[in-house]
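Chain residues, written in single-letter form:
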Amino acid sequence: QVQPVESGGGLVQAGGSLMLSCTASESISRLTFMGWYRQRPGSGREFVASIRNHGSTTYADSVKGRFTISTDNAEKTVNLQMHNLTPEDTAVYYCNVRPIFSNKEYWGQGTQVTVSS
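Analysis parameters
- Residues numbered from 1 in each chain as written.
- Predicted model: local features only at pLDDT ≥ 70, side-chain atom pairs only at ≥ 80, totals over all residues.
- Heavy atoms only, no water.
- Pairing = 2+ DSSP bridges.
- Helix = DSSP H or I, 4+ residues; strand = E, 2+ residues; numbered from the N terminus.
- Axes fitted to C-alpha atoms, helices over the stretch in contact; angles between N-to-C directions.
- Salt bridge = Lys/Arg side-chain N within 4 Å of Asp/Glu carboxyl O.
- Buried < 20%, exposed > 50% of the residue type's maximum accessible area, 1.4 Å probe, protein only.
- Phe/Tyr/Trp six-rings, centres within 6.5 Å; stacked < 30°, edge-to-face > 60°.
- Lys NZ or Arg CZ within 6 Å of the ring centre and 35° of its normal.

A. Quick peek at the sheet that holds strand 1 (residues 5–7). Ordered by their spatial adjacency, four strands build an open sheet running 1-3-8-7, and the pairing between neighbours is antiparallel. Every other strand in the sheet has two partners, leaving strand 1 and strand 7 (67–72) as the edge strands with one partner each. In this sheet, adjacent strand axes meet at a mean angle of 20 degrees when their direction is disregarded.

Right, dumping it as structure tokens:
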């Protein structure tokens, strides 16, 4: 049973920081892929960052150098540390996890991030 739940969104001024967390409801070792996606106003869902259970990471060009994805095995969370936020980062951010030995994927309900200028 995998039920991702996001938290940490909010309102921040440009240049500020936020950290998002996704509670995976599953041991990190049981997940082969953990990722963050976002949907900006008027746009489709887009990839932001991902991490595999052994630590390899991938970032979208739009966030590279500003965002960091990580896991906390004890808390069973996938975190996204966001720095130097811009209004273009305003979006609903979604957590996506994929269990090992499975082709299924699970989405959270999303958390709103709003960056003001």
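B. Representation of the pattern of salt bridges. For the coordinates displayed, the defined rule picks out five salt bridges. In this structure, the salt-bridge partner of Asp89 is Arg38, at a minimum N-O distance of 2.9 Å. Placement of the pair is Asp89 in the loop between strand 8 (77–82) and strand 9 (91–99) and Arg38 in strand 4 (residues 31–39), with a sequence separation of 51 residues. For the residue pair Asp89 and Arg38, the accessibility class agrees, reading buried in each case. Between Arg98 and Glu105 there is a salt bridge; the shortest N-O distance is 3.3 Å. Glu105 gets classed as partly exposed once you look at its relative accessible area, which sits at 37%.

C. Main features of the packing of aromatic side chains. Inspection of every chain in the model, using the stated rule, returns two aromatic pairs. Seen from their ring centres, Tyr37 and Phe47 are 5.5 Å apart, and the 75 degrees between their planes marks the pair as edge-to-face. In this pair, Tyr37 sits in strand 4 while Phe47 sits in strand 5 (residues 45–51), placing the two residues ten residues apart along the sequence. In this structure Tyr37 comes out as buried when scored by relative accessible area, which is 12%. Take Phe47: its relative accessible area is 28%, and that puts it in the partly exposed class. An aromatic cluster of three or more residues is present, and its members are Tyr37, Phe47 and Trp107. Across the ring face of Tyr94, the terminal group of Arg45 is positioned such that the distance to the ring centre comes to 3.9 Å. Above the plane of the ring of Trp107 lies Arg45, whose end atom (NZ or CZ) is 4.4 Å from the centre.

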